[in-house]
Amino acid sequence: MDTKSMDLLMRVGVAAAVLSLAACASPEKTPATAAVAVSHNAVENAVSAGAPELAPAEITAARDKMMRANQALAAKDYKTARELAIQAQADAKLAQSKANSAKATAAADALNEDLRVLRQEVDRANSDQR
């Protein structure tokens, strides 16, 4: 066999090995791993939004499901890992929304109080001018 034939045979062998390894990879692993990563980011975003103080039940549920998703992923139970990760993401988004809503409500309440005080001052100034 000449060098060109050996080189071609070697390339075909390497390509076959790579394709065989790719075929052995679980098709569910990648989506499960991606779902766990996305839900991890969702939990971090909720925590950054103040969920531990403003939506403790929701963020606790999200963290619990994240932990269980990671355990399922480690156990190679990709279907369960993906399902738990999706649930954790939903809980985290709910926690973030509740935290943002609570902050907006507090800001609106503070603005309303400032307006009330301002109205009182305007009324007092108007009554002093009479």
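Predicted model only: the values in this text are computed from it and were never measured.

*Asks:* Lay out the packing of helix H2 (residues 29-48) against helix H5 (residues 78-129) with the relevant residues and their values.
*Replies:* Two elements in contact, H2 and H5, have axes whose closest approach is 8 Å; the angle formed by their N-to-C orientations is 20°. For the element pair H2 / H5, the angle class is roughly parallel. As for the relative orientation of H2 and H5, their crossing is left-handed in sense. Only Tyr78, Ala81, Arg82, Ala85, Ala88, Gln89, Ala92, Ala95, Gln96 and Lys103 of H5 make contact with H2, whose side of the interface consists of Lys29, Pro31, Ala32, Ala35, Val36, Val38, Ser39, Ala42, Val43, Asn45, Ala46 and Ser48. In terms of residue class, the contact of H2 with H5 is made up of 14 nonpolar, five polar and three charged.

*Asks:* Talk me through the pattern of salt bridges; I want residue IDs and the actual numbers.
*Replies:* Taken as a whole and judged by the stated rule, the model has four salt bridges. The closest approach of N and O atoms between aspartate 91 and lysine 65, which form a salt bridge, is 2.8 Å. Residue aspartate 91 is located in helix H5, and its partner lysine 65 is located in helix H4 (residues 56-74); the two are separated by 26 residues in the primary sequence.

*Asks:* For the environment of methionine 67, give the residues involved together with the corresponding values.
*Replies:* Its location among the elements puts methionine 67 in helix H4. Take methionine 67: its relative accessible area is 45%, and that puts it in the partly exposed class. Placed 17 residues apart in sequence, methionine 67 and leucine 84 show a C-alpha to C-alpha distance of 9.0 Å.

*Asks:* How would you summarise the packing of H4 against H5 if you had to cite specific residues and measurements?
*Replies:* Interaxial distance between H4 and H5 falls to 8 Å at its minimum, and their mutual angle equals 160°. Relative to H5, the element H4 is oriented roughly antiparallel. Like other packed secondary-structure pairs, H4 and H5 cross with a definite hand, here left-handed. Facing H4, whose interface residues are Glu58, Ile59, Ala61, Ala62, Lys65, Met66, Arg68, Ala69, Ala72 and Leu73, H5 presents Tyr78, Thr80, Ala81, Leu84, Ala85, Gln87, Ala88, Asp91, Ala92, Leu94, Ala95 and Lys98. Residues belonging to the contact of H4 with H5 are distributed by class as follows: 15 nonpolar, two polar and five charged.

*Asks:* How would you sum up a nonpolar patch on the surface? Please name residues and give values.
*Replies:* A cluster of nonpolar residues, Leu111, Leu115, Leu118 and Val122, forms a patch on the protein surface that exposes about 340 Å² of accessible area. Considering the arrangement of structural elements, one finds leucine 111 in helix H5.

*Asks:* Kindly report on unusual backbone geometry, identifying the contributing residues and their values.
*Replies:* Even without a glycine there, the phi angle at lysine 76 is positive, about 65°. Here lysine 76 lies in the loop between H4 and H5. Relative accessible area serves as the criterion here: at 62%, lysine 76 is assigned to the exposed category.

*Asks:* How would you summarise the side chain of serine 39 if you had to cite specific residues and measurements?
*Replies:* Turning to its location among the elements, serine 39 is positioned in helix H2. Residue contacts for serine 39: discarding those within four places in its chain leaves Met66, Ala85, Ala88 and Gln89.

*Asks:* Tell me about H2, and name the residues and values.
*Replies:* Here H2 contains 20 residues, and its C-alpha end-to-end distance of 29 Å stays within 8% of the 28 Å for a straight helix at 1.5 Å per residue. Here the buried face of H2 lies against helix H3 (51-54), H4 and H5. Note on H2: the residue one or two positions beyond its end, glycine 50, has a positive phi of about 100°.

Parameters at a glance
Residues numbered from 1 in each chain as written. Predicted model: local features only at pLDDT ≥ 70, side-chain atom pairs only at ≥ 80, totals over all residues. Heavy atoms only, no water. Axes fitted to C-alpha atoms, helices over the stretch in contact; angles between N-to-C directions. Helix = DSSP H or I, 4+ residues; strand = E, 2+ residues; numbered from the N terminus. Parallel < 35°, antiparallel > 145°, perpendicular 65-115°, else oblique. Left-handed = near helix turned anticlockwise from the far one by under 90°. Contact = heavy atoms within 4.5 Å. Nonpolar A, V, L, I, M, F, W, Y, C, P; charged D, E, K, R; others polar. Salt bridge = Lys/Arg side-chain N within 4 Å of Asp/Glu carboxyl O. Buried < 20%, exposed > 50% of the residue type's maximum accessible area, 1.4 Å probe, protein only. Patch = residues over 30% accessible without salt bridge, like charges linked within 9 Å, V, L, I, M, F, W, Y side chains within 5 Å. Areas by Shrake-Rupley, 256 points an atom, 1.4 Å probe, with all protein chains shown as cover. Expected span 1.5 Å × (residues − 1).

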